[in-house]
Amino acid sequence: QAKVFVFIYDSITDSWEKQAVLSPNNVLITLEHRFGGARAIALHGDIAFIGSATLESVYVFRRLFSEGTGSWSLWKILKSSEYDYDLYDQGYSIKHIHQQNFGISVAAHRRTVLVGAPNADYGNRGDINERENYDTDGVHNKGLGKGKVFSFYSQPHIQLVSLFGDEEPSEGNFR
């Protein structure tokens, strides 16, 4: 099973210590899923972004601290806005994911994450909002896909502070 290991540096002992092993919950990830492959890991502060190009996903892990100890847990899973798959065969038992290689590369800075998909924009013959029961994949994704970079942005939290007093202000200002 493919995993990503997180190590932290201890300046007192001058050594690296394993803090966590990151892997998606309830999903068997093998090496063929390319989870955390080269250029598919980005870290910003206490958030780790790990791409899996075969699963067309980026897994977002968040480190939370409790009593001085940090623990990592899966927070979100990002998918392309063009993520598509078809269900076909008798009983619709085959799930065919259109391979855009979304998650093959990941970069993060502050509140923005960029995710590469070199085979995106490939000529999908179906509707991404419907599950067709026949193959609607592009004719030749690797050869015809123009590629895209998908950008995700997290809005900052806004806190409104209201100040109240017993008396009407007569002078002064806030700086």
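This one's a predicted model, so the numbers in the text were calculated from it and none came from an experiment.

A. Broad picture of unusual backbone geometry. A positive phi angle, close to 55°, is found at arginine 34, a residue other than glycine. Note on placement: arginine 34 falls in the loop between strand S2 (15-22) and strand S3 (41-44). Look at arginine 34 and you get partly exposed, because its relative accessible area is 34%.

B. Representation of the sheet that holds strand S5 (residues 57-66) within the structure. Taken in spatial order, the four strands line up as S3-S4-S5-S6 in an open sheet, and their pairing is antiparallel. Lying at the two open borders of the sheet, with one neighbouring strand each, are S3 and strand S6 (69-78). In this sheet, adjacent strand axes meet at a mean angle of 20° when their direction is disregarded. Two strands pair when backbone bridges link them, and S5 and S6 are joined in this way by nine bridges, in the antiparallel orientation. Bridge pairing links valine 60 to lysine 76 in S6.

The rules we used
- Residues numbered from 1 in each chain as written.
- Predicted model: local features only at pLDDT ≥ 70, side-chain atom pairs only at ≥ 80, totals over all residues.
- Heavy atoms only, no water.
- Helix = DSSP H or I, 4+ residues; strand = E, 2+ residues; numbered from the N terminus.
- Buried < 20%, exposed > 50% of the residue type's maximum accessible area, 1.4 Å probe, protein only.
- Pairing = 2+ DSSP bridges.
- Axes fitted to C-alpha atoms, helices over the stretch in contact; angles between N-to-C directions.

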